[in-house]
Amino acid sequence: MAFLEVRDLTVAYGAIQAVRGVSFTVEQGQIVSLIGSNGAGKTTTLRTISGLLRPVAGEILLAGEPIHRLPAHEILARGVAHSPEGRRLFARMTVEENLRLGAYTRKDEAGIVADLDRVYSLFPVLGERRRNKAGLFSGGEQQMLAIGRALMSRPKLLMLDEPSMGLSPIMTQKILDTVRELRDEGTTVLLVEQNALAALGLSDHAYVIDLGRTTLSGSGRELLADPRVQEAYLGEGVAS
Ligand SMILES: Nc1ncnc2c1ncn2[C@@H]1O[C@H](COP(=O)(O)OP(=O)(O)O)[C@@H](O)[C@H]1O
Ligand SMILES: [Mg+2]
């Protein structure tokens, strides 16, 4: 059984159908990517999995159980964490205060402290600056903090929405290396990226979303080699 299964999802904002037939599965222990152009419906899909939006139709199953009618805090408590597009940090709060917000459903202080240490060993710069306010950080540091905050719920499934957005190639590589490390430690990852080249290189499996529908799927390597993907998402040069 897949760890996460999204079946024929339809999601609308009023009269606008943003997602109109998205289906994919995420196997435990894998990095699975959703790639696609701006406006394809990737963020809407993640927000629906998190319980922030309700589907018009379709199903979302976590370990075989439907979660699409559960409140967001219950979905978080079942092990699904979401690092949102744009990071959504609290600029006037410190690193540590932001991280603790990610653990708001937990009461085990000793476990929370252990997980803060884990985030600081994953991202040493956050440990060094734990008392500093998040608003002063670079884009890369803010992304580390957004991922760290999501990890504070000890997720089984970590969903990352455009973690490379606005980052330099070196910082993008650093973030994606960390994603791989988290997968290797046993966290299942659902990654959303417009940076298809970076995402596919790292993914065990990937899906293309176009105009609210899943249109192609395959291993990261298969999609990197697919002329349709090269033409639409990888730009010139890669195909030749
Ligand atoms: N809050 C909203 N209200 C109305 N339409 C929205 C809203 N958010 C997104 N949309 C529309 O839904 C579609 C999918 O958006 P989104 O899920 O953000 O795509 P992606 O993350 O793939 O760029 C787009 O056409 C977008 O304009
Ligand atoms: Mg988006």
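Residues numbered from 1 in each chain as written. Chains lettered and ligands numbered in written order. Predicted model: local features only at pLDDT ≥ 70, side-chain atom pairs only at ≥ 80, totals over all residues. Heavy atoms only, no water.

- As recorded in an unreviewed UniProt entry, the protein goes by Branched-chain amino acid transport system ATP-binding protein and comes from Pseudonocardia kunmingensis.
- Taken directly from UniProt, the Sequence similarities (unreviewed entry) text for the protein runs: "Belongs to the ABC transporter superfamily." (UniProt positions renumbered as here; feature names shortened; annotations may be inferred.)

## As for the overall build of the protein
- Per the secondary structure count, the protein includes ten helices and ten strands.
- Radius of gyration (C-alpha) of the protein: 17 Å, near the 18 Å computed for a compact globule of 240 residues.
- Seen along its three principal axes, the alpha-carbon backbone of the protein occupies a region of about 45 × 45 × 35 Å.
- Classification of the 240 residues of the protein by burial places 51% in the buried group.
- Long-range pairs, those at least 24 residues apart, make up 66% of the contacts in the protein between residues at least 6 apart in sequence.
- Total accessible area on the protein is roughly 11100 Å²; 50% of this is exposed by carbon and sulfur atoms.
- Between the centroid of the 27 positive side chains of the protein and the centroid of its 28 negative side chains there is a distance of 6 Å. (Helix = DSSP H or I, 4+ residues; strand = E, 2+ residues; numbered from the N terminus. Rg over C-alpha atoms; globule rule 2.2 N^0.38 Å. Buried < 20%, exposed > 50% of the residue type's maximum accessible area, 1.4 Å probe, protein only. Contact = heavy atoms within 4.5 Å. Areas by Shrake-Rupley, 256 points an atom, 1.4 Å probe, with all protein chains shown as cover. Lys, Arg positive; Asp, Glu negative; His and termini not counted. Charge placed at Lys NZ, Arg CZ, Asp CG, Glu CD.)

## A short note on the sheet that holds strand 5 (residues 65–66)
- In space, the four strands of this open sheet follow the order 2-1-4-5, with antiparallel pairing throughout. Edge strands, defined here as strands with exactly one partner in the open sheet, are strand 2 (16–26) and strand 5.
- Seen against the sheet, helix 1 (residues 42–49) touches strand 1 (4–13), strand 2 and strand 4 (57–62) and runs at an angle of roughly 110° to strand 1. (Pairing = 2+ DSSP bridges. Axes fitted to C-alpha atoms, helices over the stretch in contact; angles between N-to-C directions.)

## Observations concerning the sheet that holds strand 7 (residues 157–161)
- Taken together, six strands build an open sheet; the order of strands is 6-7-8-3-9-10 and the sheet is mixed. For this open sheet the edge positions go to strand 6 (80–83) and strand 10 (213–218), each flanked by a neighbour on one side alone. Going from strand to strand, the sheet's axes swing by 20° on average, the running direction of each strand aside.
- Examined bridge by bridge, strand 7 and strand 8 (residues 188–193) share five bridges and lie parallel to one another. Bridge pairing links Met159 to Leu190 in strand 8.
- With respect to the sheet, helix 7 (residues 169–184) is in contact with strand 3 (31–35), strand 7 and strand 8, its orientation differing from that of strand 3 by roughly 140°.

## Some points on helix 1
- Most of helix 1 is tucked away: six of the eight residues are buried.
- Among the residues of helix 1, Lys42, Thr44, Thr45, Leu46, Thr48 and Ile49 are the ones counted as buried.
- Of the residues flanking the end of helix 1, it is Gly51, one or two places downstream, whose phi is positive at about 90°.

## Let's talk about the coordination of the magnesium ion (ligand 2)
- Protein-derived coordination of the magnesium ion (ligand 2) comes from Thr43 (OG1) and Glu85 (OE), at a distance range of 2.0 to 2.2 Å. You can see Thr43 sitting in helix 1 and its partner Glu85 sitting in the loop between strand 6 and helix 3 (95–101), a full 42 residues away along the chain.
- The class of Thr43 is partly exposed, set by a relative accessible area of 21%.
- Its relative accessible area of 29% is what places Glu85 among the partly exposed residues. (Donors = N, O, S within 2.8 Å, 3.2 Å for Na, K, Ca; no water.)

## Focus: the environment of Asp226
- Residue position: Asp226 is located in the loop between helix 9 (220–225) and helix 10 (227–234).
- Separated by 57 residues in sequence, Asp226 and Pro169 place their C-alpha atoms 23 Å apart.

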